[in-house]
Amino acid sequence: MSLGDIAGMIAALAFAFLVFRLGSVIGKAGKILDETRVSLRSTTENVQPTLLKLTDTVSLTNEQLARVDGITTNVSAMTTNASALTSLFAATLGSPVVKVAAFTYGVRSALSASGTKSAGGRRRRRG
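Residues numbered from 1 in each chain as written. Predicted model: local features only at pLDDT ≥ 70, side-chain atom pairs only at ≥ 80, totals over all residues. Heavy atoms only, no water.

- Per an unreviewed UniProt entry, the chain is named DUF948 domain-containing protein, and its organism is Pedococcus bigeumensis.

Here it is as structure tokens:
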């Protein structure tokens, strides 16, 4: 055996060791990929029913929002009608009621003023 044969043998053993190590690394990477695939499959199986329920919930929410929109429209119409009715009432009865109130205030003031003048125009102090 010559020195070149020994160097070749060492190189061959080193190459075999590197191939063995590379094979073990590739094997571990394969196991990691298998575990990832299993984990992804279980996640997909768990997420699909959740997404279906979420879709149902969103569609029911949209139906409820459509109902609320209809209710809001009706309330807006009722508010407009109440405002118009209030304006009509104020225009119809507001002015005469104010005039009657002013007249009664004037009458009360006149009657109370005539009662104080007959007493001499001065008020007595209590005490």
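Once you've had a look at it, read on.
## Regarding the overall build of the chain
Here is step 1 of the chain: Looking only at helices and strands, one finds one helix and zero strands in the chain.
Here is step 2 of the chain: Looking at the chain as a whole, 0% of its 127 residues qualify as buried.
Here is step 3 of the chain: For the chain, the exposed surface amounts to about 11600 Å²; the carbon and sulfur share of it is 68%. (Helix = DSSP H or I, 4+ residues; strand = E, 2+ residues; numbered from the N terminus. Buried < 20%, exposed > 50% of the residue type's maximum accessible area, 1.4 Å probe, protein only. Areas by Shrake-Rupley, 256 points an atom, 1.4 Å probe, with all protein chains shown as cover.)

## Concerning a nonpolar patch on the surface
Here is step 1 of the chain: A surface patch of nonpolar side chains, about 580 Å² in accessible area, is lined by Met-1, Ile-6, Met-9, Ile-10 and Leu-13.
Here is step 2 of the chain: Tracing the backbone shows Met-9 in helix α1 (residues 3–117). (Patch = residues over 30% accessible without salt bridge, like charges linked within 9 Å, V, L, I, M, F, W, Y side chains within 5 Å. Salt bridge = Lys/Arg side-chain N within 4 Å of Asp/Glu carboxyl O.)

## Quick word on the UniProt feature "transmembrane region" (unreviewed entry) in the chain
Here is step 1 of the chain: As annotated by UniProt and renumbered to match this structure, "transmembrane region" (unreviewed entry) occupies residues 6–27.
Here is step 2 of the chain: End C-alpha to end C-alpha, residues 6–27 measures 31 Å, and it is 100% helix and 0% strand. (UniProt positions renumbered as here; feature names shortened; annotations may be inferred.)

## Let's talk about the pattern of salt bridges
Here is step 1 of the chain: The tally for this structure, following the rule as stated, stands at one salt bridge.
Here is step 2 of the chain: Salt-bridge contacts for Arg-37 lead to Asp-34; the nearest nitrogen and oxygen are separated by 3.4 Å. Of this pair, Arg-37 and Asp-34 both sit in helix α1, three residues apart, which is roughly one turn of the helix.
Here is step 3 of the chain: The class for Arg-37 is partly exposed, based on a relative accessible area of 45%.

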